[in-house]
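Architecture and fold: a report
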Amino acid sequence: FFFFFFFQAEDGIRDLVRSRGLGDVYKRQVLGVSTDASEREIKQAYRKLTVVMHPDKNQDDPAAAEKFMKLNNAYRSLTDPEARENFLKYGNPDGPTHFSIGIPLPSFMSKGENGVMTLIILFVMVLVVIPGFGYCLYLSLYRSNKYEILSSNEKEFEAAIKSNNKLKEKDVPEIVAAAREFTIYMKPNLEPECENIGKELGVKTKDSFCYKPLVLLQAFVRKIPIHNAQMLQDQNFVVKTSARVLSYLADLASKSPVIVEVLKFSQKFYQQLKVNDSPLMQLPHMTKEAISKLDASRTTFRDFISRSPQDRNLTSLFNESQAKDIEAAIAALPKLALEVTCGVEGSEGVYEGDILTLKIKGTIVRSNSDEADYVEEAPSAAHTNAFPQAKQEILWVIVSSEMSAEKCSSFRISRRAKNFTKSMNIFAVETGRMTFTVHAVFDCYQGLDATESVSVYVRRAAKRRVKDYSEDPELNEPSLVENIMESIRGKTADEEAELVEEEGEKKKGKKHKGKKKDKAE
């Protein structure tokens, strides 16, 4: 495209320059006559110069032949119409002497001064328009966000997470497999081994383009061996990309109960656990037979790792090296404890319109760490058996309430800290019991979650007892907000008293009418 327009514009510029100046140059500099010389004067000058400039008479001059050829070309260009046309068109009286290419353009675009404008437009298109279009296309398709996934995924993932409050754990793999990275960077061909694994796993999807990524993802989670070299390479890419996608999905669902379903699959993904697998399968060398013999199925995973090495008695089923590996993995696992309180600061009770303060205190302890290892800003590496790269341990703390089942609040902790504290302010809107549930979930461990609930009873707005600040009497004086709330409470109290009196009068009236009926009977 560039060269086609370039040659067309070049022809127009060449015509402009030749038509204006080269004829005059030949007359003055080559033939030695004036610019207004007639054809007869041009012929006389040419005959004289041919005698003087002939190469046979100038054998000592190496440029004599070139000068004589230039003289002939000038004479032919000025006297022969066909030679002049060839000169103006091709730059040579004999016609085209080199290969040229071009595209058909209207004459007004390639002739005369318009050729310059065509060339300018060409350069603007090549240097500005086309690169700008390519850059916009790159931003829309290949730009990555802070999670290192393509930004073009964001709208589809937001629609899948935020618009579906009934999302289940089994639906998460298909959402992950729909990432655009798999269609752009993976070969579309479907190997026979991939088809066989898909049939074995019963993989079904609405979109055919995400079938292969979904099969490779499920094969990794369920520990199905793959022998094809290209499939192994693709699976490694799928696993690493899925880890980033899951982190992004968890952040998207941080204000919805759907986050719990995303984290459930995330736990199974990092630890390669099937649906019915025991959490003890996260430990190295552990098998279903060993779990049944250890009698660990009757206790939770948290209780099992909290036992002493003597109580676990791993050497009875594993050799010394395997037992050490299991104990090292247990020592690296976090032991989580939660403490949750809720109330109104400075008040003995909770009343309608109060601002509740929900305080969450957590403690994370590891057996293989001392106080010096707990650095506030340092990330904590997670224990995984077969994940192909290092995984950062992330703890999600999810706060939900019975009053708003479709919404929740959550925050994440990714640093290696022994203790963490979080306070949240909640407005007490209605009277009655309010229950808050705090659920702490690790994104890469199953069975180490911690859940605590706290309840408060919200009373109807009335005059309350406030702490006595005897040391500073000014603090005992009601503030502007307290005066407003007291006036509102006073109105509600008067209204309640009036309602009680009206109900009492109605009851008395009913009793009086009943007595009259009895007397009449």
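Residues numbered from 1 in each chain as written. Predicted model: local features only at pLDDT ≥ 70, side-chain atom pairs only at ≥ 80, totals over all residues. Heavy atoms only, no water.

A few points about the overall build of the protein
Broken down by element type, the protein carries 18 helices and eight strands. Here the protein holds 521 residues, and the buried ones make up 38% of them. Sequence separation of 24 or more characterises 65% of the internal contacts of the protein that already satisfy a separation of 6 or more. Accessible surface computed for the protein: about 31600 Å², of which carbon and sulfur atoms make up 52%. (Helix = DSSP H or I, 4+ residues; strand = E, 2+ residues; numbered from the N terminus. Buried < 20%, exposed > 50% of the residue type's maximum accessible area, 1.4 Å probe, protein only. Contact = heavy atoms within 4.5 Å. Areas by Shrake-Rupley, 256 points an atom, 1.4 Å probe, with all protein chains shown as cover.)

What about the confidence of the model for the protein?
Caution applies to low-pLDDT parts of the model: their predicted coordinates are not meant to be read in detail. Mean pLDDT for the protein: 78, with 71% of residues reaching 70 or above. Under a pLDDT of 50 for its full length, residues 1-10 has, in the predicted model, 20 contacts with residues more than four places off or in other chains. (pLDDT = per-residue confidence, 0-100.)

A few points about the pattern of salt bridges
Applying the stated criterion across every chain, the model contains 13 salt bridges. The partner of K67 in a salt bridge is D61, with the nearest N and O atoms 3.4 Å apart. The exposure class assigned to K67 is partly exposed, which follows from its relative accessible area of 45%. A relative accessible area of 29% means that D61 is categorised as partly exposed. Between E191 and K212 there is a salt bridge, and its shortest N-O distance comes to 3.3 Å. With E191 in the loop between helix 9 (180-185) and helix 10 (192-201) and K212 in helix 11 (residues 211-221), this pair connects stretches of sequence that are 21 residues apart. (Salt bridge = Lys/Arg side-chain N within 4 Å of Asp/Glu carboxyl O.)

Considering the side chain of E261
Residue placement: E261 occurs in helix 13 (residues 258-271). At 3.1 Å, the side chain of E261 and the backbone nitrogen of E169 are in polar contact. Setting aside residues up to four positions removed in sequence, E261 forms contacts with L167, K168, E169 and V172. (Polar contact = N/O pair within 3.5 Å; in protein donor to acceptor, adjacent residues only side chain to side chain.)

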